[in-house]
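Working through the structure, step by step
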Amino acid sequence: MISKILFIGPMGAGKTTAITAVSDSEPITTEADNLDRAQSDKATTTVALDYGEIYLDEDSSVLLYGMPGQDRFDFMWPILAEGALGAVLLLDHSHPDAVAQLDHFLEAFAALVSCGALVVGVGRVQNSQDIGVYQAHLKAKGLALPVYATDVRHKQNVLLLIETLIANAELNEILER
Amino acid sequence: MDTLRLASHGLSKHDQEILSKQLKMLRGRTACEWVLVDDYRSADVTLVQGQPPSDMPGIIALASTKAGKSGRYHLIEWPIRLFGLIDLLMAIELEWPARAATPLPTLSLAHRLARIRQDQWLDVAGMVAQAFQAKDEFRTTVSSFDELIERLASIDGASVRFVEGHHPLADQEAALEPYSLKAVIWSLALREEAIKSRQWHISQQQFGIATWPLFGTWETAPWMLRLAALYGRQPATLADGVELTGLRVELVAAFLHACELCELGLTVKQSTRPPRIESKLPAPESLLARLRRKLGLGYKRT
Ligand SMILES: Nc1nc2c(ncn2[C@@H]2O[C@H](COP(=O)(O)OP(=O)(O)OP(=O)(O)O)[C@@H](O)[C@H]2O)c(=O)[nH]1
Ligand SMILES: [Mg+2]
């Protein structure tokens, strides 16, 4: 049995870091020099996919996909979202367009959003008040989606995001029965 | 019995000692318990000889040539005699219930904290704290969150006193530990017996939340994630929450109560529909259950 969790979000939000924190296998990443310093000012960026895996036993595991954050890879998103257990959307609060980026991803992953299978982790927040902007934005759209202050450099934070997706998926199993 | 705090201002050391002795002699003769405090900024009533400072909070009694009232001031004849003092204290006690006649004293501590709408110094059963509503901050001298909650959980809302104006501890602000005010309200509300106080119906009311709790920052447990998933998705009854989590209904109610006090947009509507959720926890061999085990979830953090 194979399942998958997506890590999505703009460039530099922490997708590669998050997958590395929880993957059993050394994640396969496809980092290249970042020439797109307008989108994010870091040395490398993921150019194809990050790929990690959580083994459960011989024939089951949960695959972790980090989708490239650059806009020009949008075309891959719907293909990868198909059949996913859920998506972790990572945002960078220090980015001036973070709320617009939230909208962008909510739209692109509308199918997951409609079954509650999307959790938002906002990085680089100063205090709990910073999360209020995102909560208010989601509320105005009638969406009661989880949004947390997340620092992906800490494994516990990444685990909370995954556990939230599991709790939601368990609810979905029950509702569908 | 209510405790009222009396301070003095402008009295000589000798007069202060006399006042202290007089108060002791009156013990048991007044409706409230009167205690002397050093600083008028934390007093309910201040006895003033001379001119009261402009920032003096609470009730002011002026030493005067006669007793009675003059504008907002109580007057007490000087020098203070025992009968003059007891008259003054009883006059203030008569006035006191009127000031306290808000519904607040019957509210729980979490409820009272949730109602704070301005930055304020608090005295919570002797523990000094500072609440910043806009900044979502609760500052106290207690150095761990768990200890703070443990201490506050046994206190009822009636023991909270709002201290007006400047507080002596303000000068040591840096020494106070900042916590999230909402995180404090959340943890306290979870520990309150909401099922009794809210009078919710187990199957004839449907609940929903508009915003997810700030898990990770606020106290978090696996069962809370499940309840948030349920009530965030669709209106559901308390009974649904019990079915989904296998928890006692008291905990489900406490969760919804905490959501409301943290302003997560709790909605309640009447329903006659029978409960919809029919299955409990996922089978232990399910992929999700195994993923949980593998990752060591139960996530637990306070
Ligand atoms: N200070 C701080 N740094 C963070 C936080 N979250 C993530 N980072 C850092 O931000 C960087 C994120 O880089 P990546 O994990 O490569 O980001 P990505 O989403 O994979 O980026 P692309 O692959 O280019 O789309 C890492 O260096 C993290 O250590 C945070 O909350 N605070
Ligand atoms: Mg990357």
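Since the structure is predicted, the reported quantities are computational estimates derived from the model, not experimental observations.

Rules used throughout
Here the residue index of a chain counts from 1 through its sequence in written order. For naming, the first written chain is A and the first written ligand is 1, with later ones following in the order written. Residue-level local features of this predicted model are given only where pLDDT is at least 70; pairs of side-chain atoms are given and counted only at 80 or more, and the full residue set underlies all totals for whole chains, interfaces and linings. The side-chain quantities take in all heavy atoms of the structure and omit both hydrogens and water. Secondary structure follows DSSP: runs of H or I at least 4 residues long count as helices, runs of E at least 2 residues long count as strands, and numbering of each begins at the N terminus. A radius of gyration in this sense is built from C-alpha atoms; the matching globule rule multiplies 2.2 Å by the number of residues raised to 0.38. Definition used for salt bridges: Asp or Glu carboxyl oxygen within 4 Å of a side-chain nitrogen of Lys or Arg. Each residue's exposure class comes from its accessible area (1.4 Å probe, protein chains only) as a fraction of the maximum for that residue type: buried when under 20%, exposed when over 50%, partly exposed otherwise. When checking whether two residues touch, look at their non-hydrogen atoms; a contact exists if any pair is within 4.5 Å. When two parts are brought into contact, each loses some accessible area as probed by a 1.4 Å sphere; the total of that loss over both is the buried area. In protein, a polar contact requires one atom able to donate a hydrogen and another able to accept it; more generally it is a pair of N or O atoms within 3.5 Å, and residues adjacent in sequence count only if both atoms are side-chain atoms. Polar here means any residue other than Ala, Val, Leu, Ile, Met, Phe, Trp, Tyr, Cys and Pro, which are nonpolar, and Asp, Glu, Lys and Arg, which are charged; Gly is therefore polar. Ring pairs shown here join Phe, Tyr and Trp side chains whose ring centres sit within 6.5 Å, with only the six-membered ring taken for Trp; geometry is labelled stacked below 30 degrees between planes, edge-to-face above 60, and tilted in between. Axes, fitted as lines to C-alpha atoms, cover a helix only where it is in contact. Angles between the N-to-C directions of the axes lie from 0 to 180 degrees. Each angle receives one of four descriptions, namely roughly parallel if under 35 degrees, roughly antiparallel if over 145, roughly perpendicular if within 65 to 115, and oblique otherwise. By the definition used in this description, the sense in which the near helix is turned from the far one sets the handedness, with an anticlockwise turn below a right angle giving left-handed and a clockwise turn giving right-handed. In this entry, domain limits derive from an automatic or database-based domain assignment.

Okay, the overall build of chain A next. Counting its secondary structure elements, chain A contains 6 helices and 8 strands. Reading chain A from its N end, one meets helices and strands in the order β-α-β-β-β-β-α-β-α-α-β-α-β-α. What you see for chain A is a C-alpha radius of gyration of 15 Å, in line with the 16 Å of a compact globule of 177 residues. Here the C-alpha coordinates of chain A stretch approximately 45 × 40 × 30 Å along the principal axes.

A few words now on the pattern of salt bridges. Residues and elements named next belong to chain B. Tallying each qualifying case throughout the model produces 10 salt bridges over all chains. Here D39 makes a salt bridge to R41, at a shortest N to O gap of 2.9 Å. Owing to a relative accessible area of 26%, R41 belongs among the partly exposed residues under this scheme. Across the pair E250 and R248 runs a salt bridge whose closest N-O atoms are separated by 3.7 Å.

Facing the 41 residues of chain A at the interface are 37 residues of chain B. Across the chain A/chain B interface, buried area totals approximately 3500 Å², and carbon plus sulfur atoms make up 65% of it. Our count for the contact surface shared by chain A and chain B stands at 2 salt bridges. A:E170 is the partner of B:R226 in a salt bridge, and the nearest nitrogen-oxygen pair spans 3.3 Å. On inspection of chain A and its partner chain B, the count reaches 9 residue pairs in polar contact (both at pLDDT 80 or more). Listed by contribution, the elements that provide at least two residues to the side of chain A that touches chain B are β4 (50-57), β5 (60-66), α5 (132-140), β8 (147-149) and α6 (155-176) of chain A. Here the side of chain A that touches chain B gets 16 residues from one element, more than from any other, and that element is α6(A). For the side of chain A that touches chain B, the residue count by class is 24 nonpolar, 10 polar and 7 charged.

On to the side chain of A:T150, then. Residues and elements named next belong to chain A. Turning to its location among the elements, T150 is positioned in the loop between β8 and α6. Look at T150 and you get buried, because its relative accessible area is 5%. Contact partners of T150, with chain neighbours within four places excluded, come to G121, V122, G123, R124, N157 and L161.

Let us now look at the packing of aromatic side chains. Residues and elements named next belong to chain B. Evaluation of the coordinates by the stated rule reveals 11 aromatic pairs over all chains. With centroids separated by 5.8 Å and ring planes inclined at 80°, the aromatic side chains of W186 and F255 adopt a geometry described as edge-to-face. Highlighted residues: W186 in helix α5 (residues 181-190) and F255 in helix α9 (residues 249-261), separated in sequence by 69 residues. According to the relative accessible area criterion, W186 is buried, its value standing at 0%.

In this section: the packing of α6(A) against helix α10 (residues 287-295) of chain B. Look at α6(A) against α10(B): their axes get within 10 Å of each other, and the N-to-C directions meet at 160°. Considering the angle they form, α6(A) stands roughly antiparallel to α10(B). Classified by chirality, the crossing of α10(B) by α6(A) is left-handed. Residues A:L159, A:I162, A:E163, A:I166, A:A167, A:A169, A:E170 and A:E173 of α6(A) touch α10(B), and the partners they reach there are B:L288, B:L291, B:R292 and B:L295. By residue class, the composition of the contact of α6(A) with α10(B) is 8 nonpolar, no polar and 4 charged.

Here the domain parsing of chain B yields domain 1 (3-101), domain 2 (109-189) and domain 3 (193-270). With centres defined by C-alpha atoms, the gap from domain 1 of chain B to domain 2 of chain B works out at 28 Å.

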